[in-house]
Amino acid sequence: MVVANQKGGVGKTTSTVNLAVALAQGGQRVLVVDLDPQGNASTALAVDHRRGTPSSYDMLVDGMPLADAVQQHPDLPGLFVVPATIDLAGAEIELVSVVARESRLKKALAAYPLIGSQDEDRLDYVLIDCPPSLGLLTLNALVAGVEMLIPIQAEYYALEGLGQLIETVEMVKQHLNHELSISTILITMYDARTNLAAGVAEEVREHFKDQVLRTAIPRSVRVSEAPSYGQSVMTYDPGSPGALSYLEAAREMAIKGASA
Ligand code: ADP
Ligand code: MG
């Protein structure tokens with residue numbers, strides 16, 4: 001599942017991290033691939049991502065096997081992470097001259113035996129956290145994935161830029177990955193006290209219909225505090241409205257049968 005939206009600060013990383021933890025807590029086996037040079041998902045999931053750590057950069061640019069870059073989450077046995085180091089900042093440019101530059105991630109995932117396998121070490125979900133751009137890193141994710149989750153922040157400019165994102169997805173579908181579909185829209189940072197948020201949510205639901213999860217993630221300080229403790233809100237404050245909403249969103253996703 002590709003978590004993408006070229007707008008920054010809409011909740012891509014927060015949603016990737018919390019959905020991954022929620023799914024893993026529910027007994028699913030989950031891999032998170034951090035494709036954002038800022039490495040925020042790696043920080044929140046408490047995996048090493050200092051420069052020199054085997055990472056998504058090595059996988060994409062140097063062809064390192066996924067098995068050599070993956071780390072086990074320190075607390076959750078079913079959660080695995082390919083971290084992003086700051087080296088990834090150069091990858092957009094370095095990839096330009098690499099053979100089959102847009103399908104490097106697809107190749108790495110395809111060669112990883114636990115994806116799609118049936119045994120107990122299998123992976124049920126792969127979540128790819130994209131950077132806030134439509135460059136080669138996001139393109140790699142769109143070529144590698146089957147389903148796509150677009151987080152939309154419930155605020156005034158929420159729908160701006162979505163047209164461009166959808167055009168890119170259509171282009172990828174036509175030329176590079178026929179299987180890709182926008183299966184899931186998640187409304188984030190929803191503030192129930194404002195008419196504006198309700199209006200945006202309604203507009204999103206009218207436009208994307210069943211693709212939109214019924215659960216919207218409320219704006220909550222607990223959600224934004226959690227990463228500074230190397231935690232998801234799921235463990236930082238499990239009873240908080242943010243954690244409960246991500247749990248519910250993960251349930252909806254599991255029911256919809258999302259997997260790749
Ligand atoms: P993106 O990955 O799309 O750039 P992030 O997930 O990093 O977005 O979120 C942007 C900022 O908003 C972060 O500081 C994050 O902690 C905060 N944030 C995300 N979701 C929520 C929420 N539900 N409530 C409050 N703050 C949030
Ligand atoms: Mg992010």
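Structure: above.
It should be emphasised that the depicted structure is a prediction, and the values quoted were computed from it without experimental measurement. (Residues numbered from 1 in each chain as written. Chains lettered and ligands numbered in written order. Predicted model: local features only at pLDDT ≥ 70, side-chain atom pairs only at ≥ 80, totals over all residues.)

K.L.:
So what's going on with the overall build of the chain? Residues and values would help.
P.N.:
Within the chain, the regular secondary structure consists of 12 helices and seven strands. A compact globule built from 260 residues would reach a C-alpha radius of gyration of about 18 Å, and the chain, at 17 Å, matches this within 12%. Dimensions of the chain, computed from the C-alpha atoms along their principal axes, are close to 50 × 40 × 35 Å. Within the chain, contacts between residues at least 6 apart in sequence are counted, and of these 75% link residues at least 24 apart. (Helix = DSSP H or I, 4+ residues; strand = E, 2+ residues; numbered from the N terminus. Rg over C-alpha atoms; globule rule 2.2 N^0.38 Å. Contact = placed C-beta atoms within 7 Å.)

K.L.:
Outline the site of ligand 1, supporting the account with residue identities and numerical values.
P.N.:
In the neighbourhood of ligand 1, 17 residues make up the surrounding shell, with K12, T13, T14, V223 and S224 lying closest. The set of elements that each furnish at least two residues to the shell around ligand 1 consists of α1 (12-25) and α10 (221-225). Tallying contributions element by element places α1 first for the shell around ligand 1, with three residues. (Near = placed C-beta within 6 Å.)

K.L.:
Describe the nonpolar core, with residues and values.
P.N.:
A20, V30, L127, I128, A141 and Y246 are the most contacted members of the largest nonpolar core, which has 81 residues in total. At seven residues, the largest contribution of residues to this core is made by α1. Contact partners of A20, with chain neighbours within four places excluded, come to V30, V32, L79 and L127. (Core = buried A, V, L, I, M, F, W, Y, C linked by C-beta atoms within 7 Å. Buried ≥ 20, exposed ≤ 12 C-beta atoms within 10 Å, placed from the backbone.)

K.L.:
Got a sec to walk through the environment of Y190? Specific residues and values, please.
P.N.:
Structurally, Y190 is set in the loop between β7 (181-188) and α9 (195-208). Using a count of 22 C-beta atoms within 10 Å as the deciding quantity, one classes Y190 as buried. Separated by 100 residues in the primary sequence, Y190 and G90 have C-alpha atoms spaced 34 Å apart. Excluding residues that lie within four positions of it along the chain, Y190 makes contacts with A154, A197, A201, A216, I217, P218 and R219.

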